Number of protein chains: 2
Amino acid sequence: MFDNKEKTEIAHLGEFGLIDHLTKNIKLTQPTTLKGAGDDAAVLDFKDKKVLISTDMLLEGIHFDLSYCPLKHLGYKAIQVNLSDIYAMNGTATQVTVSLGFSSKFPLEAVEELYDGMLLACEKYKIDLIGGDTTSSKQGLVISVTSIGYADEKDIVYRNTAQEGDLLCVSGDLGGAYTGLQLLEREKLIYLENPNIQPDLEGKDYIIERQLKPEARWDIVELLRDVNVVPTSMIDVSDGLASEVLHICKQSNKGCNLYEEKIPIDPMTFDTAREFNLDPTVCALSGGEDYELLFTIKQADYDKIKFNSDISVIGHITEVSAGCNLITKSGNSHELKAQGWNAFKG
Amino acid sequence: MFDNKEKTEIAHLGEFGLIDHLTKNIKLTQPTTLKGAGDDAAVLDFKDKKVLISTDMLLEGIHFDLSYCPLKHLGYKAIQVNLSDIYAMNGTATQVTVSLGFSSKFPLEAVEELYDGMLLACEKYKIDLIGGDTTSSKQGLVISVTSIGYADEKDIVYRNTAQEGDLLCVSGDLGGAYTGLQLLEREKLIYLENPNIQPDLEGKDYIIERQLKPEARWDIVELLRDVNVVPTSMIDVSDGLASEVLHICKQSNKGCNLYEEKIPIDPMTFDTAREFNLDPTVCALSGGEDYELLFTIKQADYDKIKFNSDISVIGHITEVSAGCNLITKSGNSHELKAQGWNAFKG
């Protein structure tokens, strides 16, 4: 996607020149940032708040394919994926550090594209990019992001605190990122067979965007605060709904009933799954990368969220002995299994 | 170095199984850690202290060569390299997050070796490993570590605060890690030419250890506290003495005189450099990876450190117009230049 028209060799700049070049446009806006990039470590001040830290690594050929993933989108996504973890603690994200490894043959303009996407995500979510590392890589692009945020202790939401009777809720809709990926993979194969055929992604913007440019759900964290709901447990949907539901149940030592008919699936996701002869429910349960928030709330809080079209109640928490069950549209009950994305398989 | 006798396939465990397996032995001992691995983010409590964050990435084929770098040592070094950045701020390091990418063909026992080295470093320096990420890699071993620590605002030491007349000091000795690397590279070449020849590293333990198993200088931070010296500026020596001196001078907008004869070089480093027809001073100035602390102190503090054999006064800070000069043993003055290690060259 990056057209390589203008190429500046990074070796000319050297590591420090490159870091200076990339960081010179960074604006720090967070009052919690005392010192950003440029020293041995960044210095932050969270006063009496608790500090939240999360980290993720994205590797070329495993997590992304540069043949259909524009670098700017990739940068944007790398940040979103990490912020999502802070929001899943019901926290406010404030800073990120970014480490990049790329070939010394990677032109400066490509690194700038990637960085621009990162800074765009930071700007939109009011995040300071406070440091990191750049190095050459002999094989492919390597991205590691650490996100930092804060919360009052009483507001922090863990995975292991769901209670029997709590309602299981999810934000937005599911399965879109996975069906978007199927589409991109198909068009890539067609292109490889015949480079003259233009990719046919018309009318598929939503699910392509779900895959290439996800948005972490800070708006849901804010919305829940506004209506005065503190979830009893929460996790973000990175590996697929089934995997995340099982994390909450296992760590809380509880069971659940999850209703297939309640799982929110966008019509475009539904139709595209059908085109690929995929079960849309399976795409939602096992597809992953939707970066929605899955959370449980007390039944007493139901009235506060029931009219919000961006939150779906998809089931409830039961005692552990009842197991974790998927109740199908036809009314049958199946044991819920995680067939989530596993980077170590295949 | 890892003998591959017992092999357990990681794909059997899956990502979550692997994380459970690796993290089950982690003991949290830091009072600042409220919640370690196992949720979307770790939760830390630094009360009224400022928070320090630093991150580094190590890539196979760029930063290490598994043909002579044992995995346990590599794990140990990956942690030390990062703690060093927190100490260089005059802070107390408390936590690390670790992201690993490795081939799905990497046996579990190899990952355990690497992790054991990391946990050993953590235990020795009282650091909690509070989270991270593991993924398969098509690109060889990828290690990304973020280190976290704290300090009182008044104790934090930056790079840009050296003052004219300050004494330039360095801990330990320099050039050892680089000459150790030369030795390991030579033995690797000999081995590749004739696998029956045993490596000849006898009597070279110190410099081999400087390369493979460096120790971040927490003891120097403690020592300076004990004698009531707050450095006026500080940085750790990762890229070579010249590069670090220039960072301090450039960021402080000052010059310096650095005296060649004062640069601390261990006799083994000196002799080995000579064996390789290298100038020992150049090894110290440009070799890098020594992870000593370079710092400036007020002249008034000289008496407090002058009898400490682990600290050498190697020069002093001047006004910026005087430039950054290396005064050779013969009394000549040369402009100091950084020819430090540049991952984007060669």
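Sequence positions are assigned chain by chain, starting from 1 and proceeding in written order. Lettering of chains starts at A and numbering of ligands starts at 1, both following the order in which they are written. Local features in a predicted model are, by the rule used here, given only for residues with pLDDT of at least 70; side-chain atom pairs are given and counted only at 80 or more, and totals for whole chains, interfaces and linings are based on all residues. Only heavy atoms go into the side-chain values, all of them from the structure, while hydrogens and water stay out.

An unreviewed UniProt entry lists chain A under the name Thiamine-monophosphate kinase, from Mucilaginibacter gracilis. UniProt positions are given in the numbering used here, feature names are shortened, and annotations may be inferred rather than shown by experiment. Quoted straight from UniProt, the Catalytic activity (unreviewed entry) entry for chain A says "thiamine phosphate + ATP = thiamine diphosphate + ADP". If you open the UniProt record of chain A and go to Pathway (unreviewed entry), you find "Cofactor biosynthesis; thiamine diphosphate biosynthesis; thiamine diphosphate from thiamine phosphate: step 1/1."

K.L.:
How would you explain the relation of the copies chain B and chain A if you had to name every residue and give the values?
P.N.:
Mapping chain B onto chain A leaves a residual RMSD of 0.1 Å; the transformation is a rotation of 180° accompanied by 0.0 Å of translation along its axis. In short, the pair behaves as if placed about a two-fold rotation axis. In terms of proximity to the rotation axis, the leading residue of chain B is B:Gln139, whose C-alpha is 2.0 Å off the axis. The contact definition used throughout considers only heavy atoms, calling two residues in contact when any of these lie within 4.5 Å. A shared binding surface is used by both copies, with 100% of the interface residues of chain B retained as interface residues in chain A. Here the copies are superposed with least squares, the fitted atoms being C-alpha atoms of residues at a pLDDT of at least 70 in both.

K.L.:
Mind laying out the side chain of B:Ser99, listing which residues take part and the relevant values?
P.N.:
The helix and strand labels rest on DSSP assignments: H or I over at least four residues marks a helix, E over at least two residues marks a strand, and numbering proceeds from the N terminus. If you trace the backbone, B:Ser99 turns up in strand S4 (residues 92–102). Only protein chains enter the accessibility calculation, which uses a 1.4 Å probe; a residue whose area is less than 20% of its type maximum is buried, one above 50% is exposed, and one in between is partly exposed. Owing to a relative accessible area of 1%, B:Ser99 belongs among the buried residues under this scheme.

K.L.:
So what about the sheet that holds strand S11 (residues 311–319) of chain A? Which residues, and what values?
P.N.:
All names here are of chain A. Between any two strands, at least two bridges found by DSSP are needed for them to pair. Here seven strands make up an open sheet; going across it, the order is S8-S10-S7-S11-S9-S12-S13 and the pairing mixed. In this open sheet, the two strands that pair with only one neighbour each are strand S8 (233–236) and strand S13 (333–335). Each adjacent strand pair in this sheet contributes to an overall mean axis angle of 25°, direction not counted. Here five bridges tie strand S9 (residues 254–259) to S11, and the two strands are oriented antiparallel to one another. The partner of Cys256 across the bridge, within S11, is Ile317. Comment: axis = line fitted to C-alpha atoms, over the contacting stretch for helices; angle = value between 0 and 180 degrees taken between N-to-C directions. The strands that helix H2 (residues 71–87) touches are S8 and strand S10 (293–297); relative to S8, the one it contacts most, it runs at about 175°. Along the sheet, helix H7 (residues 241–252) contacts strand S7 (167–171), S8, S9, S10, S11 and strand S12 (324–327); its crossing angle with S9, the most-contacted strand, is approximately 155°.

K.L.:
Please give an account of the packing of aromatic side chains that cites residues and values.
P.N.:
Centre distance within 6.5 Å is the pairing criterion for rings of Phe, Tyr and Trp, where only the six-membered ring of Trp is used; planes under 30 degrees apart are then read as stacked, over 60 as edge-to-face, and the remainder as tilted. Taken as a whole and assessed by the stated rule, the structure comprises eight aromatic pairs over all chains. A ring pair is formed by B:Tyr87 and B:Trp218, whose centres lie 5.2 Å apart and whose planes are at 35°; its orientation type is tilted. With B:Tyr87 in helix H2 (residues 71–87) and B:Trp218 in helix H6 (residues 218–226), this residue pair connects regions lying 131 residues apart in the sequence. Each member of the pair, B:Tyr87 as well as B:Trp218, carries the same accessibility label: buried. Through successive ring pairs, a cluster of aromatic residues spans A:Tyr87, A:Tyr125 and A:Trp218. Sitting over the face of the ring of A:Tyr76, A:Lys213 holds its NZ or CZ atom 4.2 Å from the ring centroid. Here, a charge over a ring means that NZ of Lys or CZ of Arg falls within 6 Å of the ring centre while also lying within 35 degrees of the ring normal.

K.L.:
Account for the sheet that holds strand S6 (residues 142–151) of chain A, with residues named and values stated.
P.N.:
On the basis of which strands lie adjacent, the open sheet formed by six strands has the order S5(A)-S4(A)-S6(A)-S3(A)-S2(B)-S1(B) and mixed pairing. Either end of the sheet is taken by a strand with one partner, and the two such strands are strand S5 (128–136) of chain A together with strand S1 (33–35) of chain B. Along the sheet, successive strands turn relative to each other by an average axial angle of 20°, direction set aside. Examined bridge by bridge, strand S4 (residues 92–102) of chain A and S6(A) share nine bridges and lie antiparallel to one another. The partner of A:Thr97 across the bridge, within S6(A), is A:Thr146. Where helix H3 (residues 108–124) of chain A meets the sheet, its contacts fall on S4, S5 and S6 of chain A, and the angle it forms with S4(A) comes to roughly 170°.

K.L.:
Requested: an account of the interface of chain B and chain A, with residues and values cited.
P.N.:
In this complex, chain B contributes 73 residues to the contact, which on the side of chain A involves 76 residues. We count a salt bridge whenever a side-chain nitrogen from Lys or Arg sits within 4 Å of a carboxyl oxygen from Asp or Glu. Counting across the chain B and chain A interface gives eight salt bridges. One salt bridge connects B:Arg159 with A:Asp39, and the closest N-O pair in it is separated by 3.6 Å. Residues adjacent in sequence count toward polar contacts only when both atoms are side-chain atoms; beyond that, a polar contact is any pair of N or O atoms within 3.5 Å, and within protein one must be able to donate a hydrogen and the other to accept it. Run the count over chain B and chain A and you get 22 residue pairs in polar contact (both at pLDDT 80 or more). All amino acids are sorted into three groups, where Ala, Val, Leu, Ile, Met, Phe, Trp, Tyr, Cys and Pro are nonpolar, Asp, Glu, Lys and Arg are charged, and the leftover types, Gly among them, are polar. Here the residues of the side of chain B that touches chain A sort into 31 nonpolar, 23 polar and 19 charged. Of the strand pairs in this sheet, strand S3 (residues 50–59) of chain A and strand S2 (residues 42–44) of chain B are connected by three bridges, and their pairing is antiparallel. Across the sheet, the residue bridging to A:Ile53 is B:Ala42, located in S2(B).

K.L.:
Quick one: what's the story with the pattern of salt bridges, residue by residue and with numbers?
P.N.:
All names here are of chain B. Enumeration according to the criterion identifies 42 salt bridges over all chains in this entry. Across the pair Lys124 and Glu215 runs a salt bridge whose closest N-O atoms are separated by 3.2 Å. Here the residue Lys124 occupies a position in helix H3 (residues 108–124), and Glu215 occupies one in the loop between helix H5 (205–212) and H6, the gap between them amounting to 91 residues. The partner of Asp301 in a salt bridge is Lys304, and the shortest N-O contact between them spans 3.1 Å.

K.L.:
Which residues make up the UniProt feature "binding site: substrate" (unreviewed entry) in chain A, and what values do they have?
P.N.:
Residue and element names in this part refer to chain A. This chain's UniProt record puts "binding site: substrate" (unreviewed entry) on His63, Glu289 and Trp341. Topologically, Glu289 is positioned in the loop between helix H9 (280–286) and S10. For Glu289, the residues in contact, after removing those within four places along its chain, are Lys77, Ala177, Arg210, Gln211, Val237, Ser238 and Asp239. Polar side-chain contacts of Glu289 include one of 2.8 Å to the side chain of Lys77.

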